[in-house]
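Each chain, letter by letter, is given below.
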Amino acid sequence: MSFKRADLDFANLDFSYRKVNANIRYYYRNGKWDGGTLTNEEYFPLHIAATCVHYGQAIFEGLKVYETKNGDVVAFRPVENQKRMVKSAEKLFMARVTEEIFLEALDRVVNANKEFVPPYGSGASLYIRPLLIGISPHIGVKPSEDYLFMILVTPVGPYFKGGFKPVKMLVVEDLDRAAPFGLGDVKAAGNYAAGLRGYFRAKENNFTDVIYLDAKERKYIDESGPANFIAIMKDGTYTTPQSSSVLPSITNMSLRTIAKDDFGWKTEQRSVAIDEITNFSEAGCCGTAAVITPVGEIRYRDKDYKLFDQGRTAGPKVTQLYERLVKIQLGEVEDTRGWLRKIEIK
Ligand code: PLP
Ligand code: COI
């Protein structure tokens, strides 16, 4: 596919918002979604009493669009994001965005911003941020009747500065992002506000981010603020926490499939005690934005645990996972599982 690209240094983008041509908006009113409108307006009108701002009826998603080796423009597993958005909506008593609307919105907004799809080989991607908010005015605590579903897109580079390089994580025991029966397993906007304390704690201490423990016993690893945690155990097993307060990551699910089916590794999703840290040979943080970022060092109770190569370089298994996932996303190896959804560029 050849189409004109924006005059941008795609290879050196960071993970930040950049103005593009258009975003798309669908309103849900009187129990029905409208036909959606593309607009170049970056602001939207909001009632002062809208439930999203007072009572947190705000959920979002994150996925990426790439140009593949053969020039197709593809989204990675977008239906999984739509399904997770429905789960988030159900938990917060919000309207559901159907698969049809989600995919139509994706096609339309990517087409409207096609010159911002980073070219194959640039290492960048078009980040897709679907957002759903309650817009009815209520001063009593109750769900909105009306909703606004929007998608913004923006070209991005790596989430963690430096890209595929080992990061240092700090385990916190006096901060939680989510409770066992709370909202940690859905993508509620408020979870990220709750995570800011951890983020600044990490930065103040020269770490990239924090790892949260389970909020009940503070014994088991949950996840990081913006990404799931995975460990490669000394016996080579791919191990990732099973917890009611962890967001089910589509990247983690994909990596588990790759590890098990493509590489023949043992994989497990179970409670992972922080005390097992001495049994980790490698670790990583994974998510759409983070892809898989090697974790080289973990501080827990004032002790620094260095993983592969004393945390200097990425371990072989995390590297293998990263390379295979990226190759699938870029169409460099065959997508045998239908993970890529082609977007017809008009
Ligand atoms: N955990 C949290 C808290 C996240 O915000 C994200 C990002 O979406 C993830 C994990 C990774 O999920 P996914 O791989 O679906 O992007
Ligand atoms: C993503 O990985 O897409 C996310 O939504 C995480 C976000 C904190 C950047």
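Our subject is the structure that appears above.
Because the structure is predicted, anything quoted here is derived from the model rather than measured.

Conventions adopted
- Residues numbered from 1 in each chain as written.
- Chains lettered and ligands numbered in written order.
- Predicted model: local features only at pLDDT ≥ 70, side-chain atom pairs only at ≥ 80, totals over all residues.
- Heavy atoms only, no water.
- Helix = DSSP H or I, 4+ residues; strand = E, 2+ residues; numbered from the N terminus.
- Rg over C-alpha atoms; globule rule 2.2 N^0.38 Å.
- Areas by Shrake-Rupley, 256 points an atom, 1.4 Å probe, with all protein chains shown as cover.
- Lys, Arg positive; Asp, Glu negative; His and termini not counted.
- Charge placed at Lys NZ, Arg CZ, Asp CG, Glu CD.
- Salt bridge = Lys/Arg side-chain N within 4 Å of Asp/Glu carboxyl O.
- Buried < 20%, exposed > 50% of the residue type's maximum accessible area, 1.4 Å probe, protein only.
- Near = heavy atom within 4 Å.
- Polar contact = N/O pair within 3.5 Å; in protein donor to acceptor, adjacent residues only side chain to side chain.
- Domains from an automatic or database assignment.
- Core = buried A, V, L, I, M, F, W, Y, C linked by side-chain atoms within 4.5 Å.
- Contact = heavy atoms within 4.5 Å.
- Pairing = 2+ DSSP bridges.

This part covers the overall build of the protein. In terms of regular secondary structure, the protein is built from seven helices and 18 strands. Expected size for 346 residues packed as a compact globule is a radius of gyration near 20 Å; at 20 Å, the protein falls within 12% of this value. Roughly 15,800 Å² of accessible area belongs to the protein as shown, and the carbon and sulfur atoms make up 50% of that amount. Where the 47 positive side-chain charges of the protein centre and where its 44 negative ones centre are 1 Å apart.

Right, let's talk about the pattern of salt bridges for a bit. This structure, assessed with the given rule, holds 22 salt bridges. Measuring nitrogen to oxygen at the nearest pair gives 2.4 Å for the salt bridge that ties Asp 176 to Arg 218. Residue Asp 176 is found in the loop between β9 (167-172) and α4 (189-194), and its partner Arg 218 is found in the loop between β10 (209-213) and β11 (221-224); the two are separated by 42 residues along the sequence. Judged by its relative accessible area of 24%, Asp 176 falls in the partly exposed class. Here Asp 304 makes a salt bridge to Arg 299, at a shortest N to O gap of 2.7 Å. On the basis of relative accessible area, Asp 304 is assigned to the partly exposed category, the value being 32%. By relative accessible area, Arg 299 is classed as partly exposed at 27%. In this structure, a network of salt bridges that share partners links the residues Lys 266, Glu 268, Arg 270 and Glu 276.

With that out of the way, let us pick up the site of ligand 2. Taken together, Phe 15, Phe 60, Gly 62, Tyr 127, Arg 129, Tyr 159, Lys 187, Tyr 192, Pro 226, Thr 288 and Ala 289 are the residues near ligand 2. A distance of 2.7 Å separates an oxygen atom of ligand 2 from a polar side-chain atom of Lys 187. At 2.8 Å from an oxygen atom of ligand 2 is found a main-chain nitrogen or oxygen belonging to Ala 289. Protein burial of ligand 2: of its 280 Å² of free accessible surface, 91% is covered by the chains. Domain assignment of the residues forming the shell around ligand 2 places at least three in each of domain 1 (10-156) and domain 2 (167-329).

On to the nonpolar core, then. Core analysis: the biggest nonpolar cluster contains 38 residues, and Trp 33, Val 65, Leu 106, Val 110, Ile 128, Leu 132 and Phe 149 have the highest contact counts within it. Those elements giving two or more residues to this core turn out to be β1 (23-29), β5 (63-67), β6 (73-76), α2 (78-91), α3 (99-112), β7 (125-134) and β8 (147-156). Here this core takes seven residues from α3, the largest share from any one element. Sequence-distant contacts of Leu 132, that is, excluding residues within four places in its chain, are made with Trp 33, Gln 57, Ala 58, Ile 59, Met 85, Ala 89, Met 94, Ala 95, Val 97, Tyr 147, Leu 148 and Phe 149. Among the nonpolar cores identified, the runner-up in size contains 23 residues, and Val 167, Val 171, Phe 280 and Ala 290 belong to it.

Moving on: the pairing of β1. Side-chain direction in a regular strand flips from residue to residue, so the side chains alternate between the two faces of the sheet. Extensive coverage of β1 is indicated by the burial of six of its seven residues. Strand direction decides the pairing type here: β1 and β8, joined by five bridges, are antiparallel. What sits directly across from Ile 24, in β8, is Ile 151. As judged from the two bridges shared by β1 and strand β2 (residues 32-33), these two strands associate in the antiparallel manner. Residue pairing for β2: Arg 29 is matched across the bridge by Lys 32. What sits between the antiparallel neighbours β1 and β2 is a turn of two residues, in which Asn 30 has the positive phi angle 50 degrees.

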